[in-house]
2 protein chains.
Amino acid sequence: MQNTTPESTYKSLTAELDRLHYLESTLGLLGWDEQVNLPSGSADHRARESATLADIIHREATQPKLGQWLECLENSLANLSRDTQTVVREARRDYDRNVQIPAEFVARKANAQSKAYHAWAQARKDSNFEYFSPFLEEQLRLAKEEAAYLGFSDNPYDYHIDQHDPGLTGERIEALFTDLLAGLEPIVDTILGSKFKADPGIFRGFSEAGQESFLRSVVERLGFDFSRGRIDRSLHPFCGGTGADTRMTTRFSEDEPLDSLFGAIHETGHGLYEQGLPQEHLGSALGKHVGMALHESQSRIWENQVGRSRAFWDFWEPPYRKAFPSQLAGVSSEALYLAINEVRLTPIRVDADEVTYNLHIILRFNLERELFSGDLAVKDLPARWNELSARTVGLTPASQAQGVLQDIHWSGGAFGYFPSYCLGNMLAAQIWHTLQRQIDGLEEDFRMGEFGRLLNWLRRNIHSLGRQFDTMQLTERVTGQPLRPDSLLRYLEERYLPLYS
Amino acid sequence: MQNTTPESTYKSLTAELDRLHYLESTLGLLGWDEQVNLPSGSADHRARESATLADIIHREATQPKLGQWLECLENSLANLSRDTQTVVREARRDYDRNVQIPAEFVARKANAQSKAYHAWAQARKDSNFEYFSPFLEEQLRLAKEEAAYLGFSDNPYDYHIDQHDPGLTGERIEALFTDLLAGLEPIVDTILGSKFKADPGIFRGFSEAGQESFLRSVVERLGFDFSRGRIDRSLHPFCGGTGADTRMTTRFSEDEPLDSLFGAIHETGHGLYEQGLPQEHLGSALGKHVGMALHESQSRIWENQVGRSRAFWDFWEPPYRKAFPSQLAGVSSEALYLAINEVRLTPIRVDADEVTYNLHIILRFNLERELFSGDLAVKDLPARWNELSARTVGLTPASQAQGVLQDIHWSGGAFGYFPSYCLGNMLAAQIWHTLQRQIDGLEEDFRMGEFGRLLNWLRRNIHSLGRQFDTMQLTERVTGQPLRPDSLLRYLEERYLPLYS
């Protein structure tokens, strides 16, 4: 390499990272389209498209010249700016991971994921775990194979946790979850033993068109930029794409209007994070999110701390009544607010309230650990699910569709992802208490339908930083404390105990 | 290459062609999504995604090993099956073309096309050609540059015609169009001079939802397989994707319900062709369409020869009245049929009836020839459009949006495409007369809502052949005659003169 400076090498590196970013976002669009638009008979075709592109991406991401550029930059790291150091550090992490995973494996995994997704959708429809079982076994086998490539043969589950939240381990999460569970139990007992009960029967016949129109106005007012994003429908709500083209989904049921609304607010939290990342750096670590727990903290703050607050509904109740005048005619404000903050046991994670939701995650975390350790065989999963569900969540699902088949994640090989939801809940509460200390009259803003100061604070303190810090570092930097369950427990007590006692 | 046989080399070749096919269909999905879903602010991002993928495809399509395999197969061509010979011949054509066009050019063109598309959409909205003009100049410049790479520096327009319909030239088309125009003029004069006039005022307030539901039932009954395809909405209707996942679009206006319906039937003709190609060979010439004129002949047969026939409406009129009872209450069957076969001058090509449509194409063909020869500068295009429109179509558009900006094609660099529409009309009529000779009681089928015999004939005689023959060869093979304007003129006389005299 003659006539190269660290500056020119860095420029070559980021140009290549940008190319990779565009290929990856194209692969993301194939995935979004698969869940939103794909005709049922085109699944195999899509699997091949995705596998072919994944294979190309893998080849591009493992070009030896990337390794050479990184080495060259690492040799003069001390002279480079902190931003450059961040980009090089994260590019190295990605590069090493990609080099250690064979291209053949990547294509095989993409193909198997697409097939497993469709098998899961069919199995869930038929409430028939046996149909999905071989696909899940394959996913688990692939997950262990992948971990082995990266040197995690002895602790493959830790590898998958690290993929979602770098630096965390199964052991560390277990310690956090043990403390959380201990603190949650008395709160859940108090609420479930209360004589105050939300009335789920108050929601009937909310037209899909009316729900969609209302939630769009909410999503827009929270700050989501529709000129760089969309919201559509899918079986399982998600937020995909990047800040340049953010694709959220929700789903509708005429008798569960809060499901589509809070689903949309949740995904909006994700979408706002993506749209708030530095758009000029989307290809490098400076423009990427920190990890899944932090991503989830953003969706949870908007969904729960903001969206279920009295102040929020002081503003939104009148337009909600205007959108559904006859449906809400006999419902008092207090009954509406209690329904929004209903706590009750349900077998379905995504239907769960923010109190008992954490129990669902602890259930999945324990099952994943057992699947990865080999203590639990896939064929025994439905029975073990029901057994642990009775113990942790407090009930046994009535069917496999309502139990072990309810979540999309495992069909996509996304093991080690579930814990991030609960870690995100903890982090959301910890950030929320920090926010309240730092912004005067925040809830007064919500009462006026103003969410700009909140969004700007999140942009300044979190979104704009990209991946400069990892989850634990950023938590301490933003909240002044390591991640702990205390804030979440305190927040739940503050919000729910007054309502239920 | 040791231990290789022609068979193993052919296997390697088709595996690589399949990979290319999946990458190309992914690029196609980026294009479909751009027109159906893309947020306005995400155009630049999409342009970069498309350019990056186009660049990858170009690199993959020009791998030296492809050239080596082709050479190896060409050396033993006489011993290979006819199918294999077809695949090798067409793969060679594509390979040579790809090798002669630099990767850098491909990326530049994809990027410019995406930007030009959005500029065109904006310019059309504002009826402001000047805004689009530099983008069109760039498209024309790129089109000439591309032709030059392929050795067409002296006749760049012929290169673009050849891209759409191999073997045809500007000169040959001019001869066909001259004869057609001479035959068309008396027909148009007779119709426009007739005292019988369709009443466009009979269509008012046809809800979009009602239109969509009706056209879906039509499209499905014609044989379109919704398990391998979709129909959505876009500014300009089109049919994209492949037979494995066919994506059609239409557009709605409450006072022009025939526009969405016949647009959808037209795209269904394209879609049925794609779905009828041998699905196991989608990656090679055995599973690809012959060319644009033939593609258009398929859409035109379904739209016009079938969809505007009395027999077709004998079946569909009752359900149409059921779908729109109040709107059609005062409309007689004869008035409805006349409206379906309305002939009147309009400045808008896609609004034109099947008689005067051909005049719009002849206008564009002449303008494209002048743009490519250099006789016409882009800045003078609006004035020249109006002048030639008055002479050929018989009227001057009221605005640029209604004139020179009405079509999407040039924004995508699709020069030499327009003639295919008119060639397709000729071919459709020629196939139609052949069909009528070969299938007894075809129109009786339509009267019963049966379209299977027609579709099967098209599948057997055209769709299933893939690209074994070129347009002119297939025309002779199927119809027993070279392509001529006679059938189209006779068909138009048969259909329209009884209605208008």
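(A) Representation of helix α18 (residues 452-461) of chain B within the structure. Residue and element names in this part refer to chain B. Along α18, the positions that sit buried rather than exposed are L454, L455, W457 and L458. Taken around the axis of α18, the buried residues stretch over an arc of 160°, which confines them to a single face. Tucked inside the fold, the buried residues of α18 contact α9 (208-222), α10 (257-276), α11 (292-306), α16 (418-438), α17 (442-447) and α19 (471-479).

(B) A look at the packing of aromatic side chains. Evaluation of the coordinates by the stated rule reveals 60 aromatic pairs over all chains. Measuring from centroid to centroid gives 5.3 Å for F372 of chain A and F415 of chain A, while their planes differ by 80°, and the two rings are edge-to-face. Here F415 of chain A lies in the loop between α15 (381-392) and α16 (418-438) and F372 of chain A lies in helix α14 (residues 357-373), a separation of 43 residues in the sequence. When its relative accessible area of 7% is taken as the criterion, F372 of chain A is described as buried. On the basis of an interplanar angle of 85° and a centroid distance of 5.9 Å, the ring pair of W410 of chain B and F418 of chain B is categorised as edge-to-face. On the basis of relative accessibility, which here comes to 4%, the residue W410 of chain B falls in the buried class. Residue classification places F418 of chain B among the buried residues on the basis of a relative accessible area of 1%.

(C) Representation of the pairing of strand β1 (residues 229-233) of chain A within the structure. Residue and element names in this part refer to chain A. Of all 5 residues making up β1, 4 are buried, and the element is well covered by its neighbours. Relative to strand β3 (residues 245-250), β1 runs parallel, the two sharing 5 bridges. The residue of β3 that forms the bridge with R230 is R247.

(D) Just the sheet that holds strand β2 (residues 239-242) of chain B, in detail. Residue and element names in this part refer to chain B. An order of β1-β3-β2 is seen for the 3 strands of this open sheet, with the pairing classed as mixed. The strands lining the two open edges of the sheet, one partner per strand, are β1 (229-233) and β2. Strand-to-strand twist of the sheet, defined as the mean angle between neighbouring strand axes without regard to direction, takes the value 15°. Two strands pair when backbone bridges link them, and β2 and strand β3 (residues 245-250) are joined in this way by 4 bridges, in the antiparallel orientation. By the bridge assignment, T242 is partnered in β3 with D245. Against the sheet, α10 touches β1, β2 and β3, its axis set at about 165° to β3.

About the cut-offs
Residues numbered from 1 in each chain as written. Chains lettered and ligands numbered in written order. Predicted model: local features only at pLDDT ≥ 70, side-chain atom pairs only at ≥ 80, totals over all residues. Heavy atoms only, no water. Buried < 20%, exposed > 50% of the residue type's maximum accessible area, 1.4 Å probe, protein only. Helix = DSSP H or I, 4+ residues; strand = E, 2+ residues; numbered from the N terminus. Arc of directions from axis to C-beta. Contact = heavy atoms within 4.5 Å. Phe/Tyr/Trp six-rings, centres within 6.5 Å; stacked < 30°, edge-to-face > 60°. Pairing = 2+ DSSP bridges. Axes fitted to C-alpha atoms, helices over the stretch in contact; angles between N-to-C directions.

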